[in-house]
Structure formats: C-alpha cells, structure tokens
Amino acid sequence: MEKQLTGTLALAVFTAALGSLQMGYSLGVINAPQKVIERHYARSLGVYNEELARREGGNTTEHEEPTDASVVMYWSLSVAFFSVGGMVSSFLVSFVSDFRGRIKGMLYINVLAITAGLLMGLSKMGTPYLMVIAGRAIMGLYCGKTEPCLYFQGILREKQGLSSGLVPLYIGEISPVKYRGAMGALHQLAIVIGILISQVIGLDFLLGNDDMWHVLLGLSGAPAILQSLLLFVCPESPRYLYIKLGKVEEACKSLKRLKGDYDTSKDIAEMQAEKEEAMKEAQMSILRLLRSSVYRQQLFVALMMHLSQQFSGINAIFYYSTSIFQSAGVGQPVYATIGVGVINIIFTLVSVIMVDRAGRRTLTLVGLGGMCCCAVAMTVGLAFQDAYSWMSYLSMAAIFLFVSFFEIGPGPIPWFIVAEIFSQGPRPAAIALAGCCNWTCNFIIAMFFPYLEGLCGNYVFIVFAVLLFGFTVFIYLRVPETKGKTFEEIAAVFHRKRGAPPSKPQEEAEMVQLKGSTEA
C-alpha cells in the first residue's frame with residue numbers, strides 16, 4: 001500500500017520552500033530600514049546634512065524626508081532593480097531546470113543568492129548604494145526561479161517547458177496527487193511568511209538600525225546556504241528522471257524514497273500518460289503567439305490580469321508601507337507594517353480554501369472592487385488627517401483591507417488562470433510573456449512610486465483607485481469563469497465574446513504550420 005507521506009517527502013518540501021521564504025524575505029526586507037539606508041546613501045554621496053545630525057545627537061528624525069534628488073533616485077533603484085533581475089530570469093528558468101535537473105538547478109542558482117547576500121551584507125564597507133543595487137538585481141535574478149509554477153487539470157506540462165519556477169515545480173512534481181494542492185500552496189505561504197520575518201527582524205531595536213542594517217540585507221542569502229546543505233539529502237524529482245531522462249529504475253527509487261516502499265507501477269503509468277499527452281501538441285514560440293489571431297483574445301486577457309495585479313498598487317504597499325503609515329500619522333509605523341504581514345498570511349490561507357469554491361472570476365472581481373474602495377478610503381484618510389485625528393485609523397484600516405482583498409483573488413489567480421485559458425502548445429510562451437509583463441510592471445511601480453507620491457501627495461492612491469475601477473470593469477466584461485471548464489469550453493467563450501464562431505480551420509492551419517516548422 002502507498003504510504004504517500006514520509007519524512008523524506010516532508011524534508012524535501014521544506015527544503016524547496018526555503019527558496020520561497022527567501023523570495024518573501026527579499027521582497028519585504030527593503031521596507032522597514034528605508035530611512036536608515038537613505039542616510040547612509042546620503043553620507044556616501046556627500047549630501048548628508050551633518051549640521052542637522054549634530055543638533056539631533058547623530059540621528060535625523062524618523063519623519064525626515066531625503067532632501068537630495070540623488071538619494072531618492074538611488075533608493076528607488078535599490079527597490080526596483082530586484083524586478084529587473086526577475087524580468088531576465090522569467091525566460092531562463094526552464095533552461096536551468098532542464099539542464100541538470102531540479103536539485104542541481106536549485107544548487108546552481110543558490111550561488112546567485114549567496115553572492116547577492118554578500119554584496120548587500122558588505123555594503124557598509126564599500127559604496128552602499130552601488131553594492132545594494134547590484135545585490136538586489138542579482139537577488140531578483142535568483143528569485144525569478146520561485147515564481148508560481150502552474151499545473152493544468154492536474155497534469156504537469158514539463159515537456160513543453162511550463163516551469164515558471166524551480167521551487168514550486170519541484171514541490172509539484174514530488175507531491176502525491178492527493179496532497180498536491182495543499183503542498184503547492186506552501187509556496188505562496190512561505191513567501192508571505194518570509195515577508196513577515198523580514199519585517200519583524202527589521203525593527204529598529206533588532207537589525208533595522210544604523211549599526212546593523214547591512215546585516216539585515218545580507219541575511220537575504222542565509223536561506224540559500226541552509227537549502228544548499230539540505231538539497232544533498234533530497235531525492236531528484238521522479239518526473240524529471242522519467243519524463244525528461246527516461247531513467248525508469250532511478251525514478252522508481254526516487255518514488256520509494258519519497259513515498260515509502262510500495263508498488264510504483266501506478267505512478268509510472270501516470271508519468272507515461274503525462275509524457276504522451278505533452279507530446280501531442282507542438283510548442284509555440286513567443287513571436288508566433290504574438291502574431292496568432294487565434295489566441296489574441298486570450299493573450300490580451302492574460303496580460304490584463306497581470307497588469308491588474310501589479311498596477312493595483314499592492315507593491316507600493318509592500319515596498320513603501322512604512323513611509324505610507326508615517327504619512328498617515330501612525331506613531332510606530334513599523335509595527336503597522338508587521339500587521340500588514342500578519343494580514344497577508346491569514347488571507348493567503350483564506351484564498352487557498354476559497355479559490356476552488358467561489359471561482360476565479362468572482363474572487364478577482366470581489367478583490368479588485370474591494371481594493372478600489374480601500375484606495376478611495378486611504379485617500380480620504382490621508383487628505384483629512386490634519387483636520388480629524390481619527391482619520392489616521394481610517395487609513396490604517398484601509399491598508400489592512402487593501403492587502404486582504406488582494407490576497408483573496410488578484411494576488412494568486414492571474415498566475416494559474418493563464419494556464420487555464422491556453423492549450424498546452426502556446427501555454428509556455430503565454431506564461432513567459434505574462435511573467436515578463438508582471439516583473440516589468442513591478443519595476444515600474446517600485447521605481448516611480450516615490451516620484452508619483454511626491455507629485456500627488458496624499459492623493460496618490462486616487463491613481464490606483466481609477467486603475468482598479470477600470471480593471472474591475474474589464475474583468476466583468478471580458479474574463480470568463482474558468483473553474484471546472486475544459487480548454488475547449490473556455491476557447492468557445494472567447495470566440496463568442498468577439499462575435500465570431502470558433503475559427504477551427506484557421507487554428508488547425510496555424511498548428512499544422514507550427515508543427516511543420518518544428519519538425520523541420
């Protein structure tokens with residue numbers, strides 16, 4: 001009888017999830033010590049106000065804003081270059097994962113994380129702004145491997161290159177079918193736990209101070225060291241061994257290490273079916289997908305879903321929540337930021353429970369609509385906080401609810417809905433485009449939000465409220481419900497929405513041409 005859950009399986013899942021925790025830590029770590037790091041940037045650039053520092057005993061006030069434009073620019077680059085690395089790596093993960101396997105792939109990429117951690121950890125000894133920016137860019141390159149990996153109707157499309165990240169890919173491949181959904185959710189859960197850890201140890205009396213801020217940033221590479229040590233005792237993915245390498249005996253050994261001593265014939269037959277299914281449709285290139293009229297509607301929806309995720313303003317909250325809480329008049333903004341991290345974890349768990357019950361479209365509409373209302377409430381609270389002291393509480397509540405609504409739908413759903421609206425031929429190219437779109441928008445928000453905030457002041461979230469309203473209307477009019485539907489049923493809905501019957505001959509002609517070019 002199949003044991004399913006073993007100590008080896010638990011260790012392997014925990015080891016892989018350390019990569020997701022590291023991504024979350026890297027996302028959140030830059031937030032709390034912002035003012036401290038900016039002061040060190042100013043000193044390095046020679047624009048620090050020494051007279052003010054002497055008057056205040058060597059420390060500027062917590063509410064002081066950087067007075068030099070170069071400090072603002074380098075700080076924005078420190079935040080945003082994390083996304084530049086992610087943009088590049090979104091096209092490289094499939095190559096790394098297939099090159100030497102999942103275990104060795106994670107080991108090789110951990111070199112990037114350790115290098116990034118060393119650069120940031122030693123930045124106080126060199127040129128802080130350059131070393132932090134370089135470290136963040138390299139860490140982003142590493143973290144691109146931890147983007148959500150997508151399963152479609154329980155079948156892994158590894159042969160077609162559908163692997164947006166090594167960590168969730170490995171977890172999905174080694175997990176028993178019965179527990180695959182729960183174990184897959186550990187990836188997102190580990191990310192939000194990593195964000196919370198970075199916020200807690202980033203407190204001023206721990207590591208978020210003038211003496212220890214570089215250690216706080218340097219610890220970004222610590223999970224990679226632990227993961228590298230544990231990976232040596234983790235088994236290789238049996239699906240990689242069987243589907244990619246054709247090593248039946250080694251795949252059976254890996255299965256028995258993960259699930260106990262049992263008859264592996266059922267799992268081997270399942271992997272053979274996956275292999276045959278994946279070979280039925282030729283892979284479509286990114287350029288061909290962009291030119292295809294058959295998938296134009298689906299691609300437009302996929303990209304808009306990712307635009308709605310990033311341009312919702314959520315990363316403005318994650319990256320700059322401490323300064324936003326300061327603007328709202330909160331006395332201890334870092335503790336409020338930690339509250340955001342706790343809310344993030346709670347509603348990530350809620351979304352795992354609800355996504356297969358309420359449906360993708362419904363949760364996305366509720367999430368975006370709720371975020372729109374919260375953005376308006378934030379604006380009202382910030383605009384009238386000087387006239388009414390209790391308005392700061394309105395702003396805080398709006399931020400907490402904003403994060404809650406994001407995790408209910410707009411956060412997780414854009415990743416796997418892309419897999420559901422494309423057949424397996426164009427799916428890898430669609431995932432790559434969606435990933436690049438997501439990281440690009442992330443960069444835009446991280447880079448330009450400080451300037452937008454300086455331009456709009458307390459009314460900055462009105463911009464996001466308008467965008468969220470537009471995205472909500474778009475989702476309502478153009479995005480079908482995909483829960484429980486086959487690709488053919490979803491494709492038929494898209495054809496009806498554009499007022500034309502399904503163009504099967506055109507689709508077949510395009511796929512025949514694609515198959516011919518692939519065989520050639």
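The structure displayed is predicted, hence computed values, not measured ones.

**Overview of the packing of aromatic side chains**
Any pair of aromatic rings gets described here by the distance separating the centres and the angle formed by the planes.
Next, step 1: By the definition in use, this model includes eight aromatic pairs.
Next, step 2: With a centroid separation of 4.4 Å and 40 degrees between ring planes, the pair formed by Tyr 74 and Tyr 129 is classed as tilted. On the criterion of sequence distance, the pair formed by Tyr 74 in helix 4 (residues 69–89) and Tyr 129 in helix 7 (residues 128–143) is long-range, its members being 55 residues apart.
Next, step 3: Classification of Tyr 129 by relative accessible area gives buried; the value is 12%.
Next, step 4: Ring centres of Phe 300 and Phe 474 lie 5.4 Å apart, and the angle between their planes is 90 degrees; on these two criteria the pair is classed as edge-to-face. Taken together, the positions of Phe 300 in helix 16 (residues 296–310) and Phe 474 in helix 23 (residues 460–478) put the pair 174 residues apart, joining distant regions of the chain.
Next, step 5: Site record: aromatic cluster; members linked through ring pairs are Phe 402, Phe 449, Phe 461 and Phe 464.

**Structural notes on the confidence of the model for the protein chain**
Next, step 1: Taken over all residues, the pLDDT of the protein chain has a mean of 78, while the share at 70 or more is 79%.
Next, step 2: A low-confidence stretch, residues 54–66 stays under pLDDT 50, and its non-local contacts, those more than four residues away or across chains, total 22 contacts.
Next, step 3: In the model, residues 516–520 has pLDDT below 50 throughout and makes three contacts with residues more than four positions away in sequence or in other chains.

**Things to note about helix 21 (residues 413–421)**
Next, step 1: Here helix 21 lies mainly inside the structure; nine of its nine residues are buried.
Next, step 2: Every buried residue of helix 21 is accounted for by Ile 413, Pro 414, Trp 415, Phe 416, Ile 417, Val 418, Ala 419, Glu 420 and Ile 421.

**Regarding the environment of Met 391**
Next, step 1: Summarising the element assignment, Met 391 is placed in helix 20 (residues 391–408).
Next, step 2: Leave out the neighbours within four places in its chain, and Met 391 touches Val 380, Gly 381, Phe 384 and Gln 385.

**Side note on helix 20**
Next, step 1: Compared with the 26 Å implied by 1.5 Å per residue over 18 residues, the 26 Å span of helix 20 between its first and last C-alpha is a close match.
Next, step 2: Buried within helix 20 are the following residues: Met 391, Ser 392, Ser 395, Met 396, Ala 398, Ile 399, Phe 402, Val 403, Ser 404, Phe 406, Glu 407 and Ile 408.

**A closer look at the packing of helix 22 (residues 427–456) against helix 23**
Next, step 1: Where helix 22 contacts helix 23, the axes come no closer than 8 Å and their chain directions differ by 120 degrees. Taken as axis vectors, helix 22 and helix 23 run oblique relative to one another. On helix 23, the residues touching Ile 445, Phe 449, Leu 452, Glu 453 and Cys 456 of helix 22 are Val 460, Phe 461, Val 463 and Phe 464.
Next, step 2: Among the residues making up the contact of helix 22 with helix 23, the classes are represented as eight nonpolar, no polar and one charged.

**Digging into the side chain of Arg 136**
Next, step 1: By secondary structure assignment, the location of Arg 136 is in helix 7.
Next, step 2: Put simply, Arg 136 is tucked away with no salt bridge, and the nearest opposite charge, on Glu 38, sits 13 Å away.
Next, step 3: Polar contacts involving the side chain of Arg 136 include one to the main-chain carbonyl oxygen of Val 79, which spans 3.5 Å.

**Focus on the packing of helix 4 against helix 7**
Next, step 1: The N-to-C vectors of helix 4 and helix 7 enclose an angle of 25 degrees; their axes lie 6 Å apart at closest approach. As the angle between them shows, helix 4 and helix 7 are arranged roughly parallel. The two elements helix 4 and helix 7 meet at a crossing, and its hand is right-handed. On helix 7, the residues touching Tyr 74, Leu 77, Ser 78, Val 79, Phe 81, Phe 82, Gly 85, Gly 86, Val 88 and Ser 89 of helix 4 are Tyr 129, Val 132, Ile 133, Arg 136, Ala 137, Met 139, Gly 140, Leu 141 and Cys 143.
Next, step 2: A class-by-class count of the residues in the contact of helix 4 with helix 7 yields 13 nonpolar, five polar and one charged.

Calculation notes
Residues numbered from 1 in each chain as written. Predicted model: local features only at pLDDT ≥ 70, side-chain atom pairs only at ≥ 80, totals over all residues. Heavy atoms only, no water. Phe/Tyr/Trp six-rings, centres within 6.5 Å; stacked < 30°, edge-to-face > 60°. Helix = DSSP H or I, 4+ residues; strand = E, 2+ residues; numbered from the N terminus. Buried < 20%, exposed > 50% of the residue type's maximum accessible area, 1.4 Å probe, protein only. pLDDT = per-residue confidence, 0-100. Contact = heavy atoms within 4.5 Å. Expected span 1.5 Å × (residues − 1). Axes fitted to C-alpha atoms, helices over the stretch in contact; angles between N-to-C directions. Parallel < 35°, antiparallel > 145°, perpendicular 65-115°, else oblique. Nonpolar A, V, L, I, M, F, W, Y, C, P; charged D, E, K, R; others polar. Lys, Arg positive; Asp, Glu negative; His and termini not counted. Salt bridge = Lys/Arg side-chain N within 4 Å of Asp/Glu carboxyl O. Polar contact = N/O pair within 3.5 Å; in protein donor to acceptor, adjacent residues only side chain to side chain. Left-handed = near helix turned anticlockwise from the far one by under 90°.

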